[in-house]
Amino acid sequence: MTDLLPGDLSLIVFLPTLGALVVLFIPRERTQALFKTALATALLTFLWSLKVLWRFTPSQGEMQFTERLSWIPAYGIEYFIGIDGISLFLVLLATFLGPIVILASWSITEKVKEYLFFMLTLETGMIGTFLALDLFLFYVFWEVMLVPMYFIIGVWGGPRRIYAALKFVLFTMSGSLLMLVAIIYIATRNAEITGTLTFDLLRIYNLHLPYEEQIWLFLAFALAFAIKVPLFPFHTWLPDAHVEAPTAGSVILAGVLLKMGTYGFLRFAIPLFPEATIAAAPFVIALAVTGIIYGALVAMMQRDLKKLIAYSSVSHLGFVMLGLFALNLQGLQGSLYQMISHGLSTGALFLIVGMIYERRHTRMIADFGGLWRPLPVFSAFFLVVTLSSIGLPGLNGFIGEFLILLGAFKSTPLWAAGATTGVVLGAIYMLWMYRRVVLGPLTHPENQNLKDIGTREIVILTPILALILFMGVYPQPILSRMRPSIELVLRRVEDKRYSAPVFTPSRTAATRGTKRHGN
Amino acid sequence: METNLIPLLPAAEIALTALIVLLLDLFLREREKGILAWITILGLGIAGGMTFFLWDDPQSAFQNSLVLDNFGLFFTNLLIGAAVITVLFSVHYLNETNIQRGEYHVLILFSTFGMVLMVTANDLILFFLGLETLSVALYVLTGMWRERKSSSEAAMKYFINGAFASGFLLYGIALIFGATGSTNLARISASLAQSTTQGQGLLSVGVLLLLVGLSFKVAAVPFHFWAPDVYEGAPTSVTGFMAVAVKAAAFAAWTRILVHQLAPMSSEWSFILWTMAVLTMTVGNVLAIAQASVKRMLAYSSIAHAGYLLIGVIAGGEVGGSALLFYLVAYTLMSLGAFGVVMALKEGENDNEQLTHFAGLGFRRPFLGMTMSIFMLSLAGFPPLGGFIGKFYLFRSAIVSGHTELAIIGVLNSLLSVVYYLRVIVMMYMEEGGVQGKSLASSPYLYAAIAITALGVVYLGVIPAPALDLSRTSFLSLR
């Protein structure tokens, strides 16, 4: 009986789709009704995800709330979803940002119906990607999410939106299509070895392939994820997409979409191909640290606020990658924590830039200055978010960065030292930007009569700020829920390393780090 | 020995309908001729209904030269479906193009008849007869838009190229006959098993020529040169029919003859096919990018899709064959639907087939925009649509059969194709201007048929299991 009812997770995945279908049947003139329907859907989804958080067993590292339905039996493809400490907070991040971006889109007047339809289907795609435990299902959600994002950038974006949208799709697809080949290949090999054709991730985890095959498969997966992260040098699509996307698109892009790449490493590439991961770690770390410093330097030189934040994302996601490939508990935990906190603070930054853009129709830093006088409330919010992005102790950014650096110092001290300069550079470009935009005398008379942010905008920003503070001072409930699942991933890497018959990794710094943790 | 005529029933029923329509056409007045479309659909429907009674009951006729197995029935239904949708498409379209109703429907029926023969033939001669019946009907259909020079030109081109292809085919059949002493596929297959070295070279050349002939029909590179001009010149409803039905029938024959009966010889042609598949995919996709006309773009895209289908032929066996069958169903729906939307834009004398005519369509005509987006995304291979599942199985068949490189080339080609399929969506949703497409806006049948194909594409993507099982069991029914 209860089998026929959708589980909590399925509801979270498909509530937005349901809302999107309802939106399709509301006449396009009734924009308020459209917005309210979408907002209600997103809120309900968020509430339901809170229910999952409430009933989540913190001490359990394995999948919870799993749901399994046969989808294509002949090929062993299932609708198989579940949640663990890794995906829990990413899903919450996505459902939390859902209502916020819809509220932030209230100023959209053209083609509202289609806009909300795509926003809601996008949410389904994102949540599904985080929850899918069947490789085929994962790929489906991963690709499904591209289409609404393509439309959101392409239809409601800035002047070069078509170029940016196409670039976004082509970059992402060039990686993900090779991942599709790798997914089919790994399932085929699994069928050859175990005799059952399945795309079930949990069962494929136990597959142990020779090192030569692992490397190729790892590369195919890693390319797809690295483009999404984006890891230097695959980042060139990101500034274009961010600059051209509407505010809500940027928030979703920076807040959730980029995390899909790092999540992919944590869920798929690392535990599936441990030997290849260990072999590739030095290269990935080198790219990550290059990205940290490069992103920070380029961000410093930007004149466009959105571009600056886009490059700062490249830098911050470099930290996440560094933590992941440190391959120890602190590194992984810090990365996961940083994914969430980057989602919040960068999301908030894009919202703030969107608010100022709506007032002045420019995003150039040079057009601002001394905004604190006409916009005091705005400036206060902006300050907290800026500090959070820098990683000020007491705010969310600090915890993640600190743990990542801790983990990285354990495994690769030299690279970690390089990454530390990124922290300093980050403080420089963010504070410099803040000074030029908000502080100092009012240099442009047009800015004199700007209206400070209103109730709707405060309602948008306050929950994010509350979380930024909460995550900064009391990380324990979050970290403790992440830990068991992360330890499982680490154990998987280590187990396979010790039983590896074909490849003995050289004593790289990375392996030393994880061994120490293993004790 | 008594002749069992039951396997002939569906084909005969279609031919009979054709004759009835032909006769009625003489007696009906011009304004009453609308009924011919419904008689055509009724006739096709009855033939389709017959297949349900014949399912799972393989029978053969004429000394085993015609075999009505599930494989044949599967394709019979697919072809009937394509023909019905084409007829629905053309109810009002024929008014716009001044094409004679009677002849049009008769020819659609005769070509369907030819195709049904082709997919049930187990004898090379009968296969050839089916192919010729279909081809002659299509030559005329291509040229039926008599007001257009391009239509006549296309018909001429198609005819000359088709005649060439038929020559190759017939020559190939003759050589195979010379080598094995039979035109019956079962006997040819049996003589392969005995493997006498005598006449082996002759057989190889014969199969090669057969391959060339079939490649012409599916427009595989390097035998594709006729396709873009013919597809562009023909009336759009005919183009859609040609692009999907001929392809399906030819690939069905290809599957029966090469993948199944001559499978032991696969080592001889697999390299040639490999090269052709790669070339077909790449040339089709690269040239499609350069097109400004949507109709012509779809022509090149249909070439590219023939390339993907060849992957299934190369992979062979159960996994390749069933992937091929499934892909043909998905391809039929999404490609026909796309041609339907192109038809819907026609306004009087203006065909409105250029990319620029699609500008802003998504918001001006939401239904057409949405369905066209579904077709384009499915053709490009986005989940959860039929085209994605189809590609997934084709690429999987390549990997399972040890051709991972083909899967990689295939996905890279899909990436190329995204460029031009998404360009249509860019036009429809991200540009302004374009045309209304009012002339056919009052054709409920056209719109209904587009909706049916779009729903089919979504259905195949979301619930692929039934169609997949059907493809597999149909392929396995080959004997």
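Just so it is clear, the structure is predicted and the values come from calculations on it, not from any experiment.

> Is there a simple way to think about the overall build of chain A in this case?
On a plain count of helices and strands, chain A comes out with 20 helices and two strands. Computed over the C-alpha atoms, the radius of gyration of chain A is 22 Å, within 12% of the 24 Å expected from 2.2 N^0.38 for a compact globule of 519 residues. With the C-alpha coordinates aligned to their principal axes, the bounding extent of chain A is approximately 70 × 55 × 40 Å. Residues counted as buried form 59% of the 519 residues belonging to chain A.

> Sorry, what's going on with the confidence of the model for chain B here?
Keep in mind that low pLDDT regions are not for reading the predicted coordinates in detail. Averaged over every residue, the pLDDT of chain B is 88; the share at 70 or more is 98%. Scored as a whole, the predicted complex attains pTM 0.90, and scored at its interfaces, ipTM 0.90.

> What is the right way to look at helix α6 (residues 146-156) of chain A in this model?
For an α-helix, the turn length of 3.6 residues means that residues three or four places apart are oriented alike. When you tally the buried positions in α6(A), you get 11 out of 11 residues, the bulk of the element. Along α6(A), the residues that are buried comprise A:Leu146, A:Val147, A:Pro148, A:Met149, A:Tyr150, A:Phe151, A:Ile152, A:Ile153, A:Gly154, A:Val155 and A:Trp156.

> Even after reading the chapter, I still don't get the packing of helix α14 (residues 329-360) of chain A against helix α15 (residues 376-390) of chain A, so can you show me in this structure?
Working note: a packed helix pair is described by the angle between its axes plus the distance between those axes. Residues and elements named next belong to chain A. Where α14 contacts α15, the axes come no closer than 9 Å and their chain directions differ by 150°. The angle between α14 and α15 falls in the class roughly antiparallel. Seen along the crossing, α14 lies across α15 with a hand that is left-handed. Counting all contacts with α14, which are made through Ser345, Thr346, Ala348, Leu349, Ile352 and Met355, the residues of α15 involved are Phe378, Phe381, Phe382, Val385, Ser388 and Ser389. Across the contact of α14 with α15, the residue classes tally to eight nonpolar, four polar and no charged.

> Help me out: how do you make sense of the interface of chain A and chain B in this one?
For interface size, the figure often reported is the accessible area lost on association. Listed by partner, the interface residues are 24 residues for chain A and 25 residues for chain B. Looking at the side of chain A that touches chain B, the elements with two or more residues in it are α5 (135-144), α6 and α7 (161-194) of chain A. Among the residues forming the side of chain A that touches chain B, the class breakdown is 19 nonpolar, three polar and two charged.

> What exactly am I supposed to notice about the confidence of the model for chain A here?
All names here are of chain A. For chain A, per-residue confidence averages 86 on the pLDDT scale, and 94% of positions sit at 70 or higher. Within chain A, helix α20 (residues 509-518) has the poorest average pLDDT of any element, 42, and α5 the best, 92. Within the model, pLDDT remains below 50 along residues 500-519, and this stretch shows 37 contacts once partners closer than five positions in the same chain are excluded.

> In this structure, what is going on with the environment of A:Leu178? I would like to understand it.
The residue A:Leu178 is located in helix α7 in this model. With 21 C-beta atoms packed within 10 Å, A:Leu178 lands in the buried category. Through-space distance from the C-alpha of A:Leu178 to that of A:Gln448 is 53 Å; in sequence the pair is 270 residues apart. Not counting residues within four places of it along the chain, the set of residues in contact with A:Leu178 comprises A:Ala220, A:Leu223, A:Ala224 and B:Val411.

The rules behind each value
Within each chain, residue numbers correspond to sequence positions counted from 1 in written order. Think of it this way: whatever chain is written first is A, whatever ligand is written first is 1, and the rest follow in order. Thresholds applied to this predicted model are a pLDDT of at least 70 for local features of residues and 80 or more for the giving and counting of side-chain atom pairs; totals over whole chains, interfaces and linings are not thresholded and use all residues. Only DSSP runs of H or I reaching four residues or more are called helices, and only runs of E reaching two or more are called strands; each is numbered from the N terminus. Only the C-alpha atoms count toward the radius of gyration. The rule for a globule is 2.2 Å times the residue count to the power 0.38. Whether a residue is buried, exposed or partly exposed follows from its count of other C-beta atoms within 10 Å of its own C-beta, namely 20 or more, 12 or fewer, or something in between, respectively; the C-beta atoms are built from the backbone. Confidence of the predictor in every single residue is expressed as pLDDT, which spans 0 to 100. Lines fitted to C-alpha atoms define the axes here, with helix axes fitted over just the stretch in contact, and angles between the N-to-C directions of these axes take values from 0 to 180 degrees. Each angle gets one of four labels, with under 35 degrees taken as roughly parallel, over 145 as roughly antiparallel, 65 to 115 as roughly perpendicular, and the rest as oblique. Each crossing gets its handedness from the near helix: less than a right angle anticlockwise from the far helix is left-handed, clockwise is right-handed. Two residues qualify as being in contact provided that their C-beta atoms, derived from the backbone, are within 7 Å of each other. By the convention adopted, Pro, Cys, Tyr, Trp, Phe, Met, Ile, Leu, Val and Ala count as nonpolar, Lys, Arg, Asp and Glu as charged, and the other residues, Gly among them, as polar.

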